[in-house]
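The primary structure of each chain is shown beneath.
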2 protein chains.
Amino acid sequence: MAKDMTLLWGTGSPPCWRVMIALEEKNLQGYNQKLLSFDKMEHKSQQVLDLNPRGQLPTFKHGDTVVNESYAACFYLESQFKSQGNKLIPDGQKEQALMYQRMFEGLTFYEKLTAVIYYEWFVPEEERHDSALKRNKEALTAELKLWESYLEKLGPNTYLAGPAFTLADVTVFPTIGTIFRYGLSAERYPNLGAYHALMKERPSVKASWPPHWLENPKGDDSLKDL
Amino acid sequence: MAKDMTLLWGTGSPPCWRVMIALEEKNLQGYNQKLLSFDKMEHKSQQVLDLNPRGQLPTFKHGDTVVNESYAACFYLESQFKSQGNKLIPDGQKEQALMYQRMFEGLTFYEKLTAVIYYEWFVPEEERHDSALKRNKEALTAELKLWESYLEKLGPNTYLAGPAFTLADVTVFPTIGTIFRYGLSAERYPNLGAYHALMKERPSVKASWPPHWLENPKGDDSLKDL
């Protein structure tokens, strides 16, 4: 039981989800947690700001050690609990290289996703341009095709960095899960669709599935035409 | 001698600089390298695209293993050459946590820098707004104050994650070096100024200093009023 850990999080936030999957994979259940509301601006509450001057979720604490950045928390958990739960960094040189490469490409993937689905949240009304949103959608489509091709090359039933589940899956799956939540077509992206289906059944992913998605199984389908 | 490594890079690119510092720190001199020109769009040349479908620099290869993302290459080099050159990931739990945290905050720092200095490069003319650039500058200023306070708290002559030089310095220093190249005031940001001065003397940083900065020691000073 991870009673010396605290996670402040928001439902449907890919960065929060990364940390929750990592905690599950390392058998760190039973941590203290508090679900906060972005809509109510609770990520800017004093409780968060005391631990995280950026006022962002996730905010994560282990004992008196604070590690808020989601990738940082994932690396930290794997490093501190190496022999507990599932091993998340493979030993092989090639597997490791591919894991690191995909993890960091995953940040670009996430950025390209948010530039589309959060466009109105990020850009004040008087600065919005249809041309910009169109370009962002094209960039996301190009990104999707790239990941589709990566999975195609690895073959069926594979994880993002090969046969083993790794930190690449912990960190990038929440982006892919979100894209399907927004209606991406598994027919047009069959390899991403198969990966999504595989990951949905993984216990760590099931245990951390965003609660408001469970309540409302059908999401906004604004990415269905990509 | 690192004859089995190849780096394609651009001068003054913080992501390229990260990898070059890591290579120096791990005593991996003598690698094959090719300096390419962003102005001539050589990062989109076939030579790059063959190794890096994103057409970006750095593009890095070790034997037949390709690791292009700069953070990925830094992690990979530390992992593959653990006992060679300088150790870049500290053993202590707290030091490690802080290193990971600062490394990933460093990506936000870099993003906020580029949103100012590359604004015209990123945003087509008809979509530019003074209000957006002003907001980006305010966000960069807030970011600078945060890092200034981090260094203040650690005390003098310290690295970004404490007394030891770590991957946090490898990855974040190129951003800080660039900010000073654009004229940041060391009087207004004395802790960042002291850190910059400390790092400038480090052999790995000296050996990888952007050649076009050496040729033209005085840069654009558009960040002098931040």
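- The name given to chain A in an unreviewed UniProt entry is Glutathione S-transferase A-like, and the organism recorded there is Xyrichtys novacula.

### Some thoughts on the interface of chain A and chain B
Consideration 1: Chain A puts 36 residues into the contact, and the matching count from chain B is 36 residues.
Consideration 2: Summed over both partners, the interface of chain A with chain B buries about 3100 Å², with 50% contributed by carbon and sulfur atoms.
Consideration 3: Ranking the residues of chain A by area buried against chain B places A:R54, A:F104 and A:E127 at the top, with a combined share of 20%.
Consideration 4: Where chain A packs against chain B, one counts eight salt bridges.
Consideration 5: For B:R54, the salt bridge is made with A:E105, and the minimal N-O distance between the two is 2.8 Å.
Consideration 6: Of all elements in the fold, only α3 (70-80), α4 (93-117) and α6 (130-154) of chain A reach the threshold of two or more residues within the side of chain A that touches chain B.
Consideration 7: It is α4(A) that contributes the most residues to the side of chain A that touches chain B, eleven residues altogether.

### Concerning the relation of the copies chain A and chain B
Consideration 1: Screw-axis analysis of chain A against chain B gives a translation of 0.0 Å along the axis, an RMSD of 0.0 Å, and a rotation angle of 180°. The two molecules are tied by a two-fold rotation axis, judged by turn and shift. The position closest to the rotation axis in chain A is occupied by the C-alpha of A:E127, lying 3.8 Å away.
Consideration 2: Same-surface contact between copies: 100% of interface residues of chain A are shared with the interface of chain B.

### Some details on the sheet that holds strand β3 (residues 59-62) of chain B
Residue and element names in this part refer to chain B.
Consideration 1: Taken together, four strands build an open sheet; the order of strands is β2-β1-β3-β4 and the sheet is mixed. Looking at strand neighbours, the two that pair on one side only are β2 (32-35) and β4 (65-66), the edges of this open sheet.
Consideration 2: Where strand β1 (residues 5-9) and β3 come together, four bridges link them in antiparallel fashion. From the neighbouring strand, M5 faces β3, where its bridge partner is H62.
Consideration 3: Its contacts with the sheet place helix α1 (residues 14-25) against β1 and β3, and it is angled at close to 150° to β1.

Reading the values: rules and limits
- Residues numbered from 1 in each chain as written.
- Chains lettered and ligands numbered in written order.
- Predicted model: local features only at pLDDT ≥ 70, side-chain atom pairs only at ≥ 80, totals over all residues.
- Heavy atoms only, no water.
- Contact = heavy atoms within 4.5 Å.
- Buried area = accessible area lost by both parts, 1.4 Å probe.
- Salt bridge = Lys/Arg side-chain N within 4 Å of Asp/Glu carboxyl O.
- Helix = DSSP H or I, 4+ residues; strand = E, 2+ residues; numbered from the N terminus.
- Least-squares fit on C-alpha atoms with pLDDT ≥ 70 in both.
- Pairing = 2+ DSSP bridges.
- Axes fitted to C-alpha atoms, helices over the stretch in contact; angles between N-to-C directions.

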